Amino acid sequence: MIAAHNTSYLAKLPAGLKFGALLVVSIGLYLIGSWQILSVLLLVSVLVLLSARVNLRQLRMPLVTLLLILAIVFVSLGIQTTWDSALVSVLRLLTMCMFAYAVSLTTTFDAMLELFQQVTSPLRHVGANPAQISLGLSLAIRFIPELKRVYLEVREAQHARGLANNPLAVAVPLVIRSLRIAEDTAEALEARGYDSAEHSK
């Protein structure tokens, strides 16, 4: 969930600067092969995330899921290559995710929309619609955590009914609720008179 009223220093920085820095940091991480240096950078990323003054409760499930995935990746890479290489890969991914969380949770939807529209504006010359592309990117980023929240709610509800092991019992309500979210979003955009063709001019 993107924080709309975050008052941290990071939240006051321009979205372009934050996403640009995130891109540079992500590339830089893959140029570092020392697990000691990556460990220090991971600590820095955690401090940056804490300085963002975000609600850590909303990160609990994403972080648990991320750590489980990285644990599997670590074991798999360790068996296939070396344990040092596996540790380096996992530290890179975890550090990048911490920085990404800090950026996304301190950037409003409107700021993302404006940034993506500026970045995609050159595509206008090849017939694309920057406004539609930027809206799609922003909505995708915005609703990834929202859909995950819905999934967890559906899974818990079906688990209470003894249907947690039935994929259809979870998938069908999830699809229905996702479609409702999409419909509500479309109605909200229409009510506000959003016209992507006008915005792209």
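Residues numbered from 1 in each chain as written. Predicted model: local features only at pLDDT ≥ 70, side-chain atom pairs only at ≥ 80, totals over all residues. Heavy atoms only, no water.

A. Spotlight on the overall build of the protein. Looking only at helices and strands, the protein has nine helices and zero strands in total. Secondary structure elements of the protein occur, N-terminal to C-terminal, as α-α-α-α-α-α-α-α-α. Counting all 201 residues of the protein, 30% fall into the buried class. Summing over all exposed atoms, the protein offers an accessible surface of approximately 12,500 Å²; the carbon and sulfur share of this is 67%. (Helix = DSSP H or I, 4+ residues; strand = E, 2+ residues; numbered from the N terminus. Buried < 20%, exposed > 50% of the residue type's maximum accessible area, 1.4 Å probe, protein only. Areas by Shrake-Rupley, 256 points an atom, 1.4 Å probe, with all protein chains shown as cover.)

B. The packing of aromatic side chains, seen in detail. Tallied over the entire structure, the rule returns one aromatic pair. Both rings, one in Phe-74 and one in Trp-83, keep their centres 5.3 Å apart while their planes meet at 50 degrees; by these two values the pair is tilted. (Phe/Tyr/Trp six-rings, centres within 6.5 Å; stacked < 30°, edge-to-face > 60°.)

C. Spotlight on helix H3 (residues 35–51). Compared with an ideal rise of 1.5 Å per residue, which puts 17 residues at 24 Å, H3 spans 24 Å between its outermost C-alpha atoms and is within 8% of the ideal. Looking at H3, one finds that the buried residues are Leu-38, Leu-42, Ser-45 and Leu-49. End-on view of H3: buried residues confined to an arc of 60 degrees, all on one side of the axis. Exposed and facing more than 90 degrees away from the buried side of H3 are Val-40, Leu-43 and Leu-47. Summarising the contacts, the buried residues of H3 are in contact with helix H2 (15–29) and helix H5 (83–104). Following H3 by one or two positions, Arg-53 adopts a phi angle in the positive range, close to 60 degrees. (Expected span 1.5 Å × (residues − 1). Arc of directions from axis to C-beta. Contact = heavy atoms within 4.5 Å.)

D. Geometry of the packing of H3 against H5. In contact at an axis separation of 9 Å, H3 and H5 are set at 20 degrees when each is read in the N-to-C sense. In terms of orientation, H3 and H5 fall into the roughly parallel class. Two packed elements cross with a definite hand, and for H3 against H5 that hand is left-handed. Within the contact between the two elements, H3 uses Trp-35, Leu-38, Ser-39, Leu-41, Leu-42, Val-44, Ser-45, Val-46, Val-48 and Leu-49 and H5 uses Leu-87, Val-88, Leu-91, Arg-92, Leu-94, Thr-95, Met-98, Phe-99, Tyr-101 and Ala-102. In terms of residue class, the contact of H3 with H5 is made up of 16 nonpolar, three polar and one charged. (Axes fitted to C-alpha atoms, helices over the stretch in contact; angles between N-to-C directions. Parallel < 35°, antiparallel > 145°, perpendicular 65-115°, else oblique. Left-handed = near helix turned anticlockwise from the far one by under 90°. Nonpolar A, V, L, I, M, F, W, Y, C, P; charged D, E, K, R; others polar.)

E. Looking closely at the UniProt feature "transmembrane region" (unreviewed entry) in the protein. As recorded in UniProt, the sites labelled "transmembrane region" (unreviewed entry) are residues 20–50, 62–79 and 85–103. Segment residues 20–50 splits into 84% helix and 0% strand. End C-alpha atoms: 20 Å apart. Split by type, residues 62–79 is 100% helix and 0% strand. Its first and last C-alpha atoms lie 26 Å apart. (UniProt positions renumbered as here; feature names shortened; annotations may be inferred.)

F. Just the nonpolar core, in detail. One finds Leu-49, Val-54, Leu-59, Leu-66, Leu-94, Met-98 and Tyr-101 to be the most contacted residues of the largest nonpolar core, which totals 18 residues. With residues near it in sequence (within four places) discarded, Leu-66 still touches Leu-94, Cys-97, Met-98 and Tyr-101. (Core = buried A, V, L, I, M, F, W, Y, C linked by side-chain atoms within 4.5 Å.)

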